[in-house]
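Structural overview
Here are the chains, one letter per residue:
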Amino acid sequence: MEKGQALPAKIKTVWRMSAGCSFVVGAVITAGLMATTKWWQWSPKFWLIFAVLTVLDVVIELALIPYRYRFWRYQISAQDVEIESGFFFHQQTAIPINRIQNVTLEAGPILQWQQLQTVSIETAATTHKIKSVLPETAAQLKQQIMTLALEATPYDG
Amino acid sequence: MTVKHLHPLALIQMIWQNLINTLILTLIMIGLFKELDQWQYQAILGIIIFLAIITAVIKYWWFTYELDEQAITIHSGIIFRQQIHIPYNRIQTLQLKQWFYMKPFNVLAVSIETAGQSGSEAEGQLPVIAKRIVEQLQQRVTSHRNEQDTSTSSNKPNAIYHIDWADLNTYALTSLGIIPLLVGLGWLYNQLDDMIPQKWLDQVFSQASRLNLIFIISASIGILIFGMLISYLIIIQRYFHFQLEKRDDQLVTEKGFFQHNTITASLNRIQAIVIQQTIIRQWLKLASVQVILASSAADKEDQNNLVMMPVISQHHYDQIRPFIPWLPLSDPTYIRISQKAKWLLIRNAVALAAIPVVALAIFFRPWGWLGLLLLPIAVGLGLYAGHNMGVAVLSPQLLTVQDGHLFKRSTYLIPKRRVQAMTISQSVWMKRTHLAHLRLQLRHGDSSQQIEVRYLPVQVAQSLYEWYQS
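Residues numbered from 1 in each chain as written. Chains lettered and ligands numbered in written order. Predicted model: local features only at pLDDT ≥ 70, side-chain atom pairs only at ≥ 80, totals over all residues. Heavy atoms only, no water.

Assigned secondary structure in chain A consists of four helices and seven strands. Its helices and strands taken in sequence order, chain A reads β-α-α-β-β-β-β-α-β-β-α from the N to the C terminus. Looking at the 157 residues of chain A, the share that counts as buried comes to 39%. Looking at chain A alone, contacts between residues at least 24 apart form 50% of all its contacts between residues at least 6 apart. Surface summary for chain A: the accessible area is close to 8,800 Å², and the carbon and sulfur share equals 65%. (Helix = DSSP H or I, 4+ residues; strand = E, 2+ residues; numbered from the N terminus. Buried < 20%, exposed > 50% of the residue type's maximum accessible area, 1.4 Å probe, protein only. Contact = heavy atoms within 4.5 Å. Areas by Shrake-Rupley, 256 points an atom, 1.4 Å probe, with all protein chains shown as cover.)

Here we take up the packing of aromatic side chains. Residues and elements named next belong to chain B. For the coordinates displayed, the defined rule picks out 13 aromatic pairs over all chains. Ring plane angle 65° and centroid distance 5.7 Å describe the contact between Phe100 and Phe258, whose orientation is recorded as edge-to-face. With Phe100 in the loop between strand E5 (93-99) and strand E6 (107-113) and Phe258 in the loop between strand E10 (250-255) and strand E11 (259-266), the pair connects residues that are 158 residues apart, well separated along the chain. The class for Phe100 is partly exposed, based on a relative accessible area of 49%. Using a relative accessible area of 41% as the deciding quantity, one classes Phe258 as partly exposed. In this structure an aromatic cluster arises from ring pairing among Phe100, Tyr101, Phe240, Phe257 and Phe258. (Phe/Tyr/Trp six-rings, centres within 6.5 Å; stacked < 30°, edge-to-face > 60°.)

Listed by partner, the interface residues are 29 residues for chain B and 22 residues for chain A. The three residues of chain B that bury the most area against chain A are Gln420(B), Tyr465(B) and Gln469(B), which together make up 25% of that side's buried surface. There are 13 residue pairs in polar contact (both at pLDDT 80 or more) connecting chain B and chain A. For the side of chain B that touches chain A, the secondary structure elements donating two or more residues are strand E19 (419-427), helix H11 (428-433), strand E20 (435-444) and helix H12 (458-469) of chain B. No other element matches E19(B), which puts nine residues into the side of chain B that touches chain A. Tallied by class, the residues present in the side of chain B that touches chain A amount to 10 nonpolar, 12 polar and seven charged. Alignment of strand E4 (residues 89-96) of chain A against E19(B), held across six bridges, turns out to be antiparallel. Following the sheet pairing, His90(A) is matched in E19(B) by Gln426(B). (Buried area = accessible area lost by both parts, 1.4 Å probe. Polar contact = N/O pair within 3.5 Å; in protein donor to acceptor, adjacent residues only side chain to side chain. Nonpolar A, V, L, I, M, F, W, Y, C, P; charged D, E, K, R; others polar. Pairing = 2+ DSSP bridges.)

Below, the discussion takes up the UniProt feature "transmembrane region" (unreviewed entry) in chain B. Residues and elements named next belong to chain B. Those places that UniProt annotates as "transmembrane region" (unreviewed entry) correspond, in this numbering, to residues 12-33, 39-62, 170-189, 209-236, 344-363 and 369-386. End-to-end, the C-alpha atoms of residues 39-62 are 34 Å apart, and along that stretch the chain is 100% helix and 0% strand. Taken end to end, residues 369-386 comprises 72% helix and 0% strand; its first and last C-alpha atoms sit 28 Å apart. (UniProt positions renumbered as here; feature names shortened; annotations may be inferred.)

All names here are of chain B. Contact pair helix H1 (residues 9-32) / helix H2 (residues 38-62): the axes reach a minimum separation of 9 Å and the direction vectors enclose 145°. Crossing handedness for the pair H1 and H2: right-handed. Here Ala10, Leu11, Met14, Ile15, Asn18, Leu19, Thr22, Thr26, Met29 and Ile30 of H1 lie close against H2, whose contacting residues are Tyr41, Ile44, Leu45, Ile48, Ile49, Ala52, Ile53, Thr55, Ala56, Val57, Lys59 and Tyr60. Residue classes in the contact of H1 with H2 are distributed as 17 nonpolar, four polar and one charged. (Axes fitted to C-alpha atoms, helices over the stretch in contact; angles between N-to-C directions. Left-handed = near helix turned anticlockwise from the far one by under 90°.)

Moving on, we get to the sheet that holds strand E2 (residues 64-67) of chain B. Sheets are built from strands that pair by backbone hydrogen bonding, the pairs being arranged parallel or antiparallel. Residue and element names in this part refer to chain B. Pairing within the open sheet is antiparallel, and its four strands lie in the order E1-E2-E3-E4. Two strands bound the open sheet, and with one partner strand each, they are strand E1 (4-5) and strand E4 (82-87). The pairing of E1 with E2 spans two bridges and is classified as antiparallel. The partner of Lys4 across the bridge, within E2, is Tyr65.

This paragraph deals with a nonpolar patch on the surface. A cluster of nonpolar side chains, contributed by Ile47(B), Phe50(B), Leu51(B), Ile54(B), Ile58(B), Trp61(B), Trp62(B), Ile78(B), Ile79(B) and Phe80(B), occupies part of the molecular surface with about 1,100 Å² of accessible area. Here Trp62(B) shows up in helix H2. (Patch = residues over 30% accessible without salt bridge, like charges linked within 9 Å, V, L, I, M, F, W, Y side chains within 5 Å. Salt bridge = Lys/Arg side-chain N within 4 Å of Asp/Glu carboxyl O.)

All names here are of chain B. The strand order E7-E6-E5-E11-E10-E9-E8 describes an open sheet built from seven strands, whose pairing is antiparallel. The open sheet has two free edges, formed respectively by strand E7 (124-130) and strand E8 (159-162), since each of these has just one partner strand. Taken pair by pair, the neighbouring strands of this sheet meet at an average axis angle of 15°, ignoring direction. Relative to E6, E5 is paired through five bridges, and the arrangement is antiparallel. Counterpart to Thr93 in the pairing with E6 is Glu113.

All names here are of chain B. Ranked by internal contacts, the top residues of the largest apolar core, which has 35 residues, are Ile414, Leu438, Leu440 and Leu456. Listing elements by their share of this core, those giving two or more residues are strand E12 (270-278), helix H9 (339-363), strand E17 (398-405), strand E18 (408-415), E19, E20, strand E21 (447-457) and H12. Considering every element that reaches this core, the biggest residue donor is H12, with seven residues. Counting 34 residues, the second largest nonpolar core, distinct from the first, contains Ala265, Leu293, Val307 and Val311. (Core = buried A, V, L, I, M, F, W, Y, C linked by side-chain atoms within 4.5 Å.)

As a further point, take H12(B). Taking 1.5 Å of rise per residue, the 12 residues of H12(B) would be expected to cover 16 Å, and the 16 Å separating its terminal C-alpha atoms lies within 8% of that figure. Along H12(B), the residues classified as buried are Val458(B), Val460(B), Ala461(B), Leu464(B), Tyr465(B), Trp467(B) and Tyr468(B). (Expected span 1.5 Å × (residues − 1).)

Let us now look at helix H1 (residues 11-40) of chain A. Residue and element names in this part refer to chain A. With 30 residues, H1 should cover 44 Å at 1.5 Å per step; its first-to-last C-alpha distance of 43 Å lies within 8% of that length. Residues of H1 that are buried: Ile11, Val14, Trp15, Ala19, Gly26, Thr30, Leu33, Thr36 and Thr37. Those residues of H1 that are buried lie in contact with helix H2 (45-71), helix H3 (109-113) and strand E7 (127-133). Two residues or fewer past H1, Gln41 is found with a positive phi of approximately 55°.

Structure representation (structure tokens):
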């Protein structure tokens, strides 16, 4: 596709934050495992392995952010919503507007802080997500999809 | 319309159900208190039966239903009262079951399904009601349906199909029901193991080990033949006198010997048609025709598909057309995948099999080496999948996909408007070979089904994607 809309640049901050969260969670669990080594003489292997895994996870997550951002695209036309992602594992999905059953906007704490929203598009079979959009875009998108869905010939279950 | 209770026979069924449910508990109790007198055992048994009856009576009393002008309402539950309200025009499928013992009383069990996502259970269930009321319900459902599309209703079927006895016979003979049966026997053994004292089992086995090898072999062959006979009879009884009818916009299937089963589904709720053939049946030119519905009232044994024709000769596909007018007239020519793609499927199958093979070979020497036998099977699976993978556009509105999983070929016929989403997926390595996977999402029962055509030439995948978008 390569012609669709990119996600808002702020999403990179969100992804960095969530990598930070993974780090904090990992660090807490590692600390817990260290405590078990100290008090219950568990093997130090556990916390060492876990610490390495945590660091690796965070580093990979951070390293992949520019890549994820670069290849994530979405596009809404009168006929369908298209979502494209990935370079190593490239995926391109088309969801015709008249298959859409409902559209949900949601935002967790990090997204709220960055004033972004996730758009979930549900069909009778599956749910597809546009990772994040600016709130005005989100509302506009919802409006657009719902208007188009109303105009399109209804799907009869 | 007034509030009604179920047929009194339901009471007996509920008591029976309660007793079955408490059976294992009872056995455990008796196992726990070994040192009891006979009268004490009798007292425990008496209390259990009494409780079973009382709870059944209360449940029966609180279970009521109403047939209104617009909808059916079912009230149930004792502590958590539940009220289910189903408008007639929302009913997708209606399933009637009649066990042989219900016939003399002229009663039936009814399951009502809508498109709502309610898990595996049907939205509305009436365990035992009189046939008179079932007819009332059916009449209301059909009249509400006809109001919508204003077509004239006639009670005569538009098309009718009966199963061919010879075909059913071959179908039952070629079914691989033996494997589920062995699993069943294993389960039974586990249960027995828990319930019967270990001492008895040990005795049986120590006796068995004293007998010679020939006896053991002949006994296991006997069990195998017995298992096959049972699975043969199960299939014959399940599809006994199978009949398919088309009435206006509804498909009605009837089948069963011990349990007479009637399913009514509306034609415009069909998501796709699946024609399935195991490798043996492919060789015998037999196929099973099934319907993917947006509700799960169909059989659990058939992956929740509605079986339209349990078995039909490949030469008689024209018999399906009277029921599903949009089916193609002739066999489509599929776009098959390339030699390179077939090789990739074999490679994947072998790579997947290699994990347990290596593990077995390392940890269970020397018998683990037998695991190597999995590799030729994996090659076979890959070959079979590659050979059967294919896709074809039949009309601007109709697509067909073929695939072969675990030596079973499935041919899907999918109207475009039933494809909920389509995805092209391509990894970096596939970019070099110009291949891509194509994935289709369908509604199936209460959830979704993904159909994937793997390793298609990328131009083909792209053209199908554009066909879908247009």
